[in-house]
Amino acid sequence: MKLGLQLGYWGAQPPTGVAELVTAAEESGFDAIFTAEAWGSDAFTPLAWWGRETSRVRLGTSIVQMSGRAPTSIAMHALTLDHLSGGRVVLGMGVSGPQVVEGWYGVPFSKPLARTREVVDVIRQVLAREAPVTNDGPHYPLPFTGENAVGLGKPLRSIVHPLRADIPIWLGAEGPKNVALTAEIADGWIPIFYTPGSAAMYQPWLDEGFARAGARRTRADFEIAATCHVQITTSDAERVAVVEGLKAVVSLYMGGMGAKDANFHKQVFERMGHQELSDEVQGLYLAGRRDQATALIPDELVHDMHIIGDAGYVRERAAEWESTGVTTLLLSCRTADEVRTIAEVLV
């Protein structure tokens, strides 16, 4: 199982110390670094900036929001960065949610599965560069001939010859249909809440996708990059403190992300068997009682989602994650020393 450094997206200001984190990851045997985007910083620019000093690690997006760019634009970003990095790009994408898609990008959120299929197909056409790119689908028609078109659009082929005709595409997916689609058309999957305790729930969805006609991958060569906070602690008190700190993050995703009836992250927790807890946490969170919502998160749930303990425990738990099919753990590290310490235990 490989390790990926998850740099995420920026807060109010650009983060500090990232160059040191990236250098430590490269030197310590991490397989990749990943960046993300929400509604502030983008995923591609920081990856190009910080990745320029690396020569070995893969450079991944986790994730690019598909609604923020035309599929051909995403392909242009990917093929450009792939050339500059010597063929190290992993293109991670996702549909995001209706609050961001309609509130930030100003486009409809409807039909996310059909849109995903079109985006992936168009990007693969651009990278293959076998013919001018066309698409008959309703979401991203190429050439565009709809209302207000001037009628001069023509199918085009990328001026630049891609370094690789088939850049790995990983998809962020949470629900049964989206996970099955990912297994069918993608090279890898970036689940947000995949854990040893919930792994069995996902297997039939993945199997459905792998079994479809024309599926690109099988379990043998399909990548699963699961997000997990790993922290090596040296005392029971430290371990308890880390677990308590992570409860606020769990309660945020469970109760405070998205609208009351359209929180896709909450739905994942419900499928994991936490329906009653999720309802209580959301009710308190949306009422502004966040501390009370966080207090409801049980230690056991945090330990299922993350790996916190001494070095021996961390090795043992990481092996459990790997046994469920995880090929990469995506880790958020705060310091270069933390990167090196985790690498000493897991690489």
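Residues numbered from 1 in each chain as written. Predicted model: local features only at pLDDT ≥ 70, side-chain atom pairs only at ≥ 80, totals over all residues. Heavy atoms only, no water.

Description of the overall build of the protein chain
- In terms of helices and strands, the protein chain carries 14 helices and eleven strands.
- A compact globule built from 347 residues would reach a C-alpha radius of gyration of about 20 Å, and the protein chain, at 20 Å, matches this within 12%.
- For the protein chain, the spread of C-alpha atoms along the three principal axes comes to 65 × 45 × 45 Å.
- Put simply, the protein chain has 347 residues, and 50% of those count as buried.
- Across the protein chain, every contact between residues at least 6 apart in sequence was considered, and the portion connecting residues at least 24 apart equals 72%.
- Total accessible area on the protein chain is roughly 16,100 Å²; 55% of this is exposed by carbon and sulfur atoms.
- Within the protein chain, one finds 30 positive and 41 negative side-chain charges whose respective centroids are separated by 6 Å. (Helix = DSSP H or I, 4+ residues; strand = E, 2+ residues; numbered from the N terminus. Rg over C-alpha atoms; globule rule 2.2 N^0.38 Å. Buried < 20%, exposed > 50% of the residue type's maximum accessible area, 1.4 Å probe, protein only. Contact = heavy atoms within 4.5 Å. Areas by Shrake-Rupley, 256 points an atom, 1.4 Å probe, with all protein chains shown as cover. Lys, Arg positive; Asp, Glu negative; His and termini not counted. Charge placed at Lys NZ, Arg CZ, Asp CG, Glu CD.)

Here's the deal with the state of the cysteines
- Using the criterion set out here, one finds zero disulfides in the structure.
- Distance from the sulfur of Cys-228, which forms no disulfide, to the nearest cysteine sulfur (Cys-333) is 11 Å. (Disulfide = S-S within 2.5 Å.)

Quick notes on the packing of helix H1 (residues 18–28) against helix H14 (residues 336–346)
- At a minimum axis distance of 8 Å, the contact between H1 and H14 shows a crossing angle of 20°. In terms of their interaxial angle, H1 and H14 are classed as roughly parallel. Crossing handedness for the pair H1 and H14: right-handed. In this structure, H1 contributes Glu-20, Leu-21, Ala-24, Ala-25 and Ser-28 to the contact, and H14 contributes Ala-336, Val-339, Arg-340 and Ala-343. (Axes fitted to C-alpha atoms, helices over the stretch in contact; angles between N-to-C directions. Parallel < 35°, antiparallel > 145°, perpendicular 65-115°, else oblique. Left-handed = near helix turned anticlockwise from the far one by under 90°.)

Structural notes on the side chain of Ser-198
- The topology assignment puts Ser-198 in the loop between strand S7 (188–189) and helix H7 (199–210).
- On the basis of relative accessible area, Ser-198 is assigned to the buried category, the value being 4%.
- Other than its neighbours up to four places away in sequence, Ser-198 contacts Phe-193, Met-272 and Asp-304.

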